[in-house]
Amino acid sequence: MTTTPILILGGKGKTGRRVVEQLETRGVPYRLASRSSEQRFDWYDDSTWPATIAGADTAYLAPPVGPTGLAQAGRFIKEAAAQGLRRVVLLSGRGVGSPGRDFAVYDGQLDLEHAVQASGADWTIVQPAWFAQGFSEDFLRSHVQASEIRVSAGSGGEAWIDTNDVGDVMAAALLDESYTGQVIAVSGPRPLTMTEVAAELSAATGRPIEYVDVEPDVHVEELREDGLPQEDAEAVRDLFAVIRNHRSEYVSDGVQRVLGRSPRDFADWARETAATGVWAE
């Protein structure tokens, strides 16, 4: 593997932070690029791209949410490969490109995967299930604090994954080139419906937490009221539609295959997370 610092795009996100932690533990050099970094990088400002790409050999790419952001990421990887980027590890989504995955939310993600695969750079694509940390580090945290999870997931299940497991898999993919050309799907050990998630969170926090299934259009309205742009709110709705339509009720073996161990169970994650006090505020 090259000694050139690994370029980290999305290093402050839930997965990116954990990738950085793994690289630091191993003493692997890396270079963060974001709108607030010394070398400014902005997905939506392509004038910031050339300096970010310059000298990069390997990159971790966590694209922005929504169709526009995914399209920009596709343009970026094409330019990066043309400027000499040799290898990229992409954070995508589980189910992208699978037969029968006929939801519009996958279109942009699938286009981005195709752009990465056609870029000329060596590639690895990691496709995680929904992150458990969405309930502690993202917009669902406020739902847990309010004791009412209001989303449009219906009665469908999802094999929620601990983001630490995703970060470990990502780091392995970045550091071991034997994963080049592979699509690695990762998930937790069992699917849980949102009702079951609420029950696990209730047990972990010691207080009742209820799941309220809202209609998809109502979900968009509530997300917009919380300040999410229309395009992003619709993207979230479409992601929940995959769960709502029972298309995510399966387990993927990527954690076992890459790390040689089982993924962490949602109940264990919830208990440890509750002990930090993150939901007590």
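Residues numbered from 1 in each chain as written. Predicted model: local features only at pLDDT ≥ 70, side-chain atom pairs only at ≥ 80, totals over all residues. Heavy atoms only, no water.

Draft legend 1. Broad picture of the packing of helix H8 (residues 194-205) against helix H12 (residues 266-275). Running from amino to carboxyl end, H8 crosses H12 at an angle of 40°, the nearest separation of the two axes being 8 Å. When you trace H8 past H12, the crossing you get is right-handed. Here Val197, Glu200, Leu201, Ala204 and Thr205 of H8 come into contact with H12, specifically with Phe266, Ala267, Trp269, Ala270, Arg271 and Ala274. (Axes fitted to C-alpha atoms, helices over the stretch in contact; angles between N-to-C directions. Helix = DSSP H or I, 4+ residues; strand = E, 2+ residues; numbered from the N terminus. Left-handed = near helix turned anticlockwise from the far one by under 90°. Contact = heavy atoms within 4.5 Å.)

Draft legend 2. Focus on the nonpolar core. Core analysis: the biggest nonpolar cluster contains 27 residues, and Phe135, Ile149, Trp160, Met194, Leu201 and Phe266 have the highest contact counts within it. If you list the elements that add at least two residues to this core, you get helix H6 (140-145), strand S6 (148-151), H8, helix H9 (216-225), helix H10 (230-244) and H12. If we skip the residues at most four places from it in the chain, tryptophan 160 touches Trp130, Phe131, Phe135, Gly188, Arg190, Leu192, Met194, Val197, Ile243 and Phe266. Residues Leu91, Ile161, Ala173 and Val186 belong to the second largest nonpolar core, which totals 25 residues. (Core = buried A, V, L, I, M, F, W, Y, C linked by side-chain atoms within 4.5 Å. Buried < 20%, exposed > 50% of the residue type's maximum accessible area, 1.4 Å probe, protein only.)

Draft legend 3. Structural context of the pattern of salt bridges. Counting across every chain of the model gives 22 salt bridges. Close ionic contact of arginine 40 with aspartate 42 constitutes a salt bridge, the shortest N to O distance being 3.4 Å. Owing to a relative accessible area of 10%, aspartate 42 belongs among the buried residues under this scheme. The partner of aspartate 45 in a salt bridge is arginine 40, and the shortest N-O contact between them spans 3.3 Å. Using a relative accessible area of 36% as the deciding quantity, one classes arginine 40 as partly exposed. Connected via shared salt-bridge partners are Arg17, Arg18 and Glu137. (Salt bridge = Lys/Arg side-chain N within 4 Å of Asp/Glu carboxyl O.)

Draft legend 4. Just the side chain of glutamine 72, in detail. Mapped onto the secondary structure, glutamine 72 falls in helix H3 (residues 67-82). In terms of polar contacts, glutamine 72 uses its side chain to reach the backbone carbonyl oxygen of tryptophan 43, at 2.9 Å. In contact with glutamine 72, not counting residues within four places along its chain, are Trp43, Tyr44 and Trp49. (Polar contact = N/O pair within 3.5 Å; in protein donor to acceptor, adjacent residues only side chain to side chain.)

Draft legend 5. Representation of the sheet that holds strand S8 (residues 183-186). Across the sheet, which stays open at both edges, the six strands sit in the order S2-S1-S3-S4-S5-S8 with parallel pairing between neighbours. Each of the sheet's edge strands pairs with one partner strand only, and the pair in question is strand S2 (30-33) and S8. Neighbour-to-neighbour, the strand axes of the sheet open up by a mean angle of 15°, direction not taken into account. Here strand S5 (residues 122-128) pairs with S8 via four bridges, running parallel. Considered in S8, the bridge of valine 126 is made with isoleucine 184. Each of strand S1 (6-9), strand S3 (58-61), strand S4 (87-91), S5 and S8 touches helix H7 (residues 163-175); the most contacted strand, S4, lies at about 165° to it. (Pairing = 2+ DSSP bridges.)

Draft legend 6. Representation of the environment of leucine 192 within the structure. With respect to the element layout, leucine 192 can be found in strand S9 (residues 192-193). Counting along the chain gives 74 residues from leucine 192 to alanine 118, while the straight-line C-alpha distance between them is 36 Å. Apart from the residues within four sequence positions on either side, leucine 192 is in contact with Gly156, Gly157, Glu158, Trp160, Val197 and Phe266.

Draft legend 7. The packing of aromatic side chains, seen in detail. Taken as a whole, this structure holds ten aromatic pairs when the rule is applied. Taken together, a centroid distance of 5.4 Å and an interplanar angle of 80° make the contact between tryptophan 43 and phenylalanine 76 edge-to-face. Of this pair, tryptophan 43 sits in the loop between S2 and helix H2 (49-53) while phenylalanine 76 sits in helix H3, and the two are 33 residues apart along the sequence. When its relative accessible area of 1% is taken as the criterion, phenylalanine 76 is described as buried. Considering the side-chain rings of tryptophan 49 and phenylalanine 76, the 5.5 Å spacing of their centres and the 90° angle between planes classify their relative orientation as edge-to-face. One end of the pair, tryptophan 49, is in helix H2; the other, phenylalanine 76, is in helix H3, with 27 residues separating them in the sequence. There is no split in this pair, since tryptophan 49 and phenylalanine 76 are both buried. Positioned above the aromatic ring of tyrosine 250, the side-chain terminus of arginine 94 is 3.9 Å from the ring centre. (Phe/Tyr/Trp six-rings, centres within 6.5 Å; stacked < 30°, edge-to-face > 60°. Lys NZ or Arg CZ within 6 Å of the ring centre and 35° of its normal.)

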